[in-house]
Amino acid sequence: MRRLIRHNGDPMADPIVTVAELLLPAFAAVGGEGADPVVRPSDRADAQANGALAIAKRLGQNPRQVAEAVLAVAKPMLDTICSNVEIAGPGFLNLTFADHFLAEQLGLAAADEHLGVRLAPVTKRVVIDYSAPNVAKEMHVGHLRTTVIGDALVRLMTYVGHTVIRENHIGDWGTPFGMLIEHLVDLGETEAADGLSLGDLDGFYREARAKFDADPVMQDRARHRVVLLQSGDPETMRLWHLLVEQSTKHFNAVYAKLGVLLTDDDIAGESMYNALLPEVIERLQTAGLLVESDGADVVFPPGFTNREGDPLPLIAQKRGGGFNYSTSDLACVIDRVERVHGDLLLYVVGAPQAQHFAMVFKVAEMAGWLHPPTEAVHVMFGSVLGPNRKMLKSRSGEPLKFIELIDEAVVRAAASVAEKNPHLSADEQAEIAIVIGIGAVKYADLSTDRIKDYIFDWDRMLAFDGNTAPYLQYAHARICSIFRRAEIDRASVRNDAVVLGEPQERALAKRLLAFDSAVWDTIDKYSPHRLCTYLFDLAQDFTAFYEHCPVLKAADDATKQSRLVLCDTTARVLAQGLDLLGIVAPERM
RNA sequence: GCCCUUGUAGCUCAGCUGGAUAGAGCACCGGACUUCUAAUCCGACGGUCGCAGGUUCGAAUCCUGCCGGGGGCGCCA
């Protein structure tokens, strides 16, 4: 990958970052080592450095004088990239970038395959746990957020150079499998396999559950079958595998439709950790953490209490010797640290499990399995709500199936495409409808702060105005249209000179250069909505530019070439940004 | 009861490692298509940032308390 380098040897970056680095020595000279310039985008100028106020407070000095002292040191450097620098208010340093600097920086970004986004200074092995559907159950809306957010994080981490290990922690183990396997036996393998391959996983599960609930004989058989499963009985394993196989076919069909990166190679189901579970107990025992309580073997991590205010245990081994999901998640930590050698473990799991993971991570730390710099993070998220602010359900009251969700999105998008752009061929319309429909669903999910619940609203997510995928995709398609119409090769303009005249050109250039910060901000907080907000701002800046600055009919050739660079770079940032979210940007729509 | 999380414009949401007048979008109102896709743009309207204290030169942002929403709190995952 070709990377462009700034004069100082560092890769290029957002000008805000560049100027912050530039100011660092001046602030250190006045405020002492490590004094933060606190550079932020400003509506009074291009950037403002607020660091003088903090220094003044710490040293008990007049903030304006501190700002002046900083400026005295930094002025020669700033003059190379700023057209105006002034001290304002109580001691803000307001910085206006010189047009030639922005133009030059944009030229570098345009020529850069990585669009000016810095690579990670240290490459980590990032293990990302996401999606995690259950075997013998259909994927439903409850898997939407983990799948979409997790996949975006995979793409983001990969983009900045980290090594990413995807793990799909499917629910393929545990007591329900006794019942499911017995039901399979009752139906006969061939018939059961046929039924399952039709995709009626939920029907199969429902029948098994009904039989189990009604019939004590079935309960006995199921219990016995669980024992066989736990002990690795070959015939039982073969039947179990049949269930897993049919289910993963279904998962893969969903992932393929959605454009999710997960494959069979990423499956790291609960069953995988089964062999490790006794070792977890042994190691907890050795570490002296295991306590017997009510017949179960538990660990009491400090800081957790129950209803009565008593210490809350993490149950490692149930009364009677069985294991549970805590045991499994502890094994999982061990595996990801010691076998996979992950430096950063991300768990993209819903917010209700916050306490569970806090306890698991705590116990893993106490046992010495998890220690800095290795870090485990529960990337939690809120629920998807229906218009009534309750959990989203289908008409029948069941959780909305994933396949139905996708299909409806595509049908709705197809209606819009047919209405707005009827002259496209049927094939092309169908293709675009898929990209728009699925993009809309994903974007709606990613564009709000993941920690909060959000209301699932078809009309809003498929609207062409506002912070939606179609709006961004449309901006991208319009740019492609310019090049198509003029028969200009996109790549051919990437080394052309940039000239910034109109305010819309300048605003667009500044925004394009902020892609770097947007990507990193998103990664630092594991919050894809930050990238969404950026892309929406970019699309708005672009359409403003598009309305005010004719490209192909620009006044002179230099302006036209420069605007083509702006257009091409915008399209690339939009397409790349959407791709990082797992969304496709079509060339026409 | 304890813990976690959340409360910003009529609606849906940004902003929350404290910074100068709180931002979008939708809806509503007024403009702009013989002009690179009007699936768009420009403008106007609209908020005691749940309430009350505190810290600070400065608080939507940090701290405390209260009120409201959601979730969790021993052998399901």
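Conventions we followed
Residue positions within a chain follow its written sequence, with the count starting from 1. Each chain gets a letter, beginning with A, and each ligand a number, beginning with 1, in the order they are written. pLDDT decides what is reported in this predicted model: residues at 70 or higher carry local features, side-chain atom pairs at 80 or more are listed and counted, and totals for whole chains, interfaces and linings draw on all residues regardless. To get the side-chain values, all heavy atoms of the structure are used, and hydrogens and water are removed first. To define axes, lines are fitted to C-alpha atoms, for helices over the stretch in contact only, and angles between the resulting N-to-C directions are given on a 0 to 180 degree scale. Numbered from the N terminus, helices here are DSSP runs of H or I no shorter than four residues, and strands are runs of E no shorter than two. Under this scheme an angle from 65 to 115 degrees is roughly perpendicular, one under 35 degrees roughly parallel, and one over 145 degrees roughly antiparallel; angles in between are oblique. By definition, any crossing whose near helix is turned counterclockwise from its far helix by less than a right angle is left-handed, and any crossing with a clockwise turn is right-handed. We call two residues in contact whenever any of their non-hydrogen atoms come within 4.5 Å of each other. As a working rule, the residues Ala, Val, Leu, Ile, Met, Phe, Trp, Tyr, Cys and Pro are called nonpolar, Asp, Glu, Lys and Arg charged, and the rest polar, with Gly in that last group. At least two DSSP bridges between two strands are needed for those strands to be called paired. Domain limits in this description derive from either an automatic procedure or a database domain assignment. The term nonpolar core refers to a set of buried residues drawn from Ala, Val, Leu, Ile, Met, Phe, Trp, Tyr and Cys, joined through side-chain atoms within 4.5 Å. Relative accessible area decides the class of each residue, using a 1.4 Å probe on protein chains only: under 20% of the type maximum gives buried, over 50% gives exposed, and in between gives partly exposed.

Draft legend 1. Summary view of the packing of helix 17 (residues 469–486) against helix 21 (residues 557–580). Closest axis-to-axis distance for the helix 17/helix 21 pair is 9 Å, and the angle between their directions is 140°. Considered as vectors, helix 17 and helix 21 are oriented oblique to each other. Helix 17 and helix 21 meet at a crossing whose hand is left-handed. Seen from helix 17, the contacting residues are L472, Q473, A475, H476, I479, I482 and F483; seen from helix 21, they are L564, C567, D568, T570, A571, L574, A575 and L578. The class makeup of the residues in the contact of helix 17 with helix 21 is 11 nonpolar, 3 polar and 1 charged.

Draft legend 2. Representation of the sheet that holds strand 8 (residues 296–299). Overall, antiparallel pairing links the 3 strands, which are arranged 7-8-9 in an open sheet. The open sheet has two edge strands with one neighbour each: strand 7 (291–293) and strand 9 (314–317). Neighbour-to-neighbour, the strand axes of the sheet open up by a mean angle of 50°, direction not taken into account. As paired strands, strand 8 and strand 9 are joined by 3 bridges and run antiparallel to one another. Bridge pairing in strand 9 links V298 to I315.

Draft legend 3. The domain arrangement of chain A, seen in detail. Split by domain assignment, chain A resolves into domain 1 (15–97) and domain 2 (176–266). For domain 1 versus domain 2, the separation of C-alpha centres amounts to 64 Å.

Draft legend 4. Layout of the nonpolar core. In this structure, L346, F456, F515 and L531 are the most contacted members of the largest nonpolar core, which totals 157 residues. In terms of domain composition, this core takes at least three residues from each of domain 1 (15–97) and domain 2 (176–266). Discounting chain neighbours no more than four positions away, the residues touching L346 are V126, V127, I128, D129, L153, M157, V377, V379 and Y526. Grouped together as the second largest cluster of nonpolar side chains are 36 residues, L276, L314, L345 and M359 included.

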